[in-house]
Amino acid sequence: MTIRERRRDDHPALLDLWERSVRATHDFLSETDIAELRPQVRDIYFDAVELWVYEDADGLAGFIGLADAQVEMLFLEPARRGQGIGTRLLDHARHLRGALTVDVNEHNPQAHGFYRRYGFVETGRSPLDGQGKPFPLIHMALPRDAAG
């Protein structure tokens, strides 16, 4: 198991992993939403964050994107969920940044529960997502001394 910085040649595989993960966890998004997001993820978001990739003998299984101490994205291969990969990626981010923050789609209760179990606490809510769409966000923070 390795957590490493992404390489430019990872992008096609990461984009496909992103889409599989979104389809498995973001059932509130329409096909049109996903089609609109895909080129933005590929052309803007991947380059706007510091990306760390989880890779093992089975290939790329997840990635986390950071902007300073903000977790901007955390996506896992759907078949690999529940294997501790998300926790390892958060542990890595916490090691790099200490206290972390994240915004979670309110309509994604699995992610909300995952972050709560990790030690994040709710700090606020926004009725719209970062693109102004009606997908409410829950703002969460991980205190520096939280999670083991």
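Note that the structure is predicted; figures quoted are calculated from it, not measured.

Participant: Is there a simple way to explain the environment of phenylalanine 46 in this structure?
Facilitator: Its location among the elements puts phenylalanine 46 in helix α2 (residues 31-48). Apart from the residues within four sequence positions on either side, phenylalanine 46 is in contact with Arg6, His11, Leu14, Leu15, Val41, Leu51, Phe63 and Met73.

Participant: Explain the packing of aromatic side chains to me, please; I cannot follow it from the model alone.
Facilitator: By convention here, two paired aromatic rings are described through the distance between centres and the angle between planes. Enumeration according to the criterion identifies 7 aromatic pairs in this entry. Members of the aromatic cluster, joined through ring pairs, are Trp18, Phe46, Phe63 and Phe75.

Participant: I'm lost on the nonpolar core in this one. Help?
Facilitator: One finds Ile64, Val71, Leu90, Tyr115 and Phe120 to be the most contacted residues of the largest nonpolar core, which totals 22 residues. Looking at which element gives the most residues to this core, the answer is helix α3 (residues 85-97), with 4 residues. Not counting chain neighbours up to four residues away, the residues in contact with tyrosine 115 comprise Val71, Leu74, Leu90, Val102, Val104, Phe120 and Met140. The next biggest cluster of nonpolar side chains, apart from the first, holds 19 residues, and it includes Trp18, Phe46, Leu60 and Phe63.

Participant: What's the story with the pattern of salt bridges in this structure? I'm lost.
Facilitator: When charged atoms on two side chains of opposite charge get close, those side chains can pair. Under the criterion given, the structure shown has 17 salt bridges. Across the pair arginine 8 and aspartate 47 runs a salt bridge whose closest N-O atoms are separated by 2.9 Å. A residue pair is termed long-range when its members are at least 10 positions apart, and arginine 8 in the loop between β1 (2-5) and α1 (11-25) and aspartate 47 in helix α2 qualify at 39 residues. Owing to a relative accessible area of 54%, arginine 8 belongs among the exposed residues under this scheme. Exposure remark for aspartate 47: the relative accessible area of 39% places this residue in the partly exposed category. Through salt bridges with shared partners, one network takes in Arg4, Arg7, Asp9, Asp10 and Glu55.

Participant: How should I be thinking about the pairing of strand β4 (residues 70-76) in this particular structure?
Facilitator: By the criterion of burial, β4 is predominantly enclosed, with 6 of the 7 residues buried. When strand β3 (residues 59-67) meets β4, the two strands line up antiparallel, connected through 6 bridges. Bridging across to β4, isoleucine 64 finds its partner in leucine 74. If you look at the hairpin formed by β3 and β4, you'll find 2 residues sitting between the two strands, and aspartate 68 has a positive phi there, around 55 degrees. Of the pairings in the sheet, the one linking β4 to strand β5 (residues 100-105) comprises 2 bridges and is parallel in character. Looking at the pairing, glutamine 70 lines up with threonine 101 of β5. Crossover handedness for the path β4 to α3 to β5: right-handed.

Participant: Sorry if this is basic, but what is going on with α2 here?
Facilitator: Side chains three or four residues apart in an α-helix point the same way, a direct result of the helix having 3.6 residues per turn. In this model, α2 (18 residues) spans 24 Å end to end at C-alpha, consistent with the 26 Å of a helix rising 1.5 Å per residue. Remark: the principal bend of α2, roughly 50 degrees, maps to valine 41. Within α2 the residues assigned to the buried category are Asp33, Ile34, Leu37, Val41 and Phe46. Tucked into the core, α2 has its buried residues touching α1, β2 (50-56), β3 and β4.

Participant: Looking at this structure, how should I read the side chain of histidine 92?
Facilitator: Position of histidine 92 relative to the elements: it lies in helix α3. Judged by relative accessible area, which is 18%, histidine 92 ranks as buried. Sequence-distant contacts of histidine 92, defined by excluding residues within four places in its chain, comprise Ile3 and Trp52.

Rules and cut-offs
- Residues numbered from 1 in each chain as written.
- Predicted model: local features only at pLDDT ≥ 70, side-chain atom pairs only at ≥ 80, totals over all residues.
- Heavy atoms only, no water.
- Helix = DSSP H or I, 4+ residues; strand = E, 2+ residues; numbered from the N terminus.
- Contact = heavy atoms within 4.5 Å.
- Phe/Tyr/Trp six-rings, centres within 6.5 Å; stacked < 30°, edge-to-face > 60°.
- Core = buried A, V, L, I, M, F, W, Y, C linked by side-chain atoms within 4.5 Å.
- Buried < 20%, exposed > 50% of the residue type's maximum accessible area, 1.4 Å probe, protein only.
- Salt bridge = Lys/Arg side-chain N within 4 Å of Asp/Glu carboxyl O.
- Pairing = 2+ DSSP bridges.
- Right-handed = clockwise from strand over helix to strand, strands pointing away.
- Expected span 1.5 Å × (residues − 1).
- Bend = angle between axes of the 7 residues up to and from the residue.

Interpretation in functional terms is not warranted from these geometric data alone.
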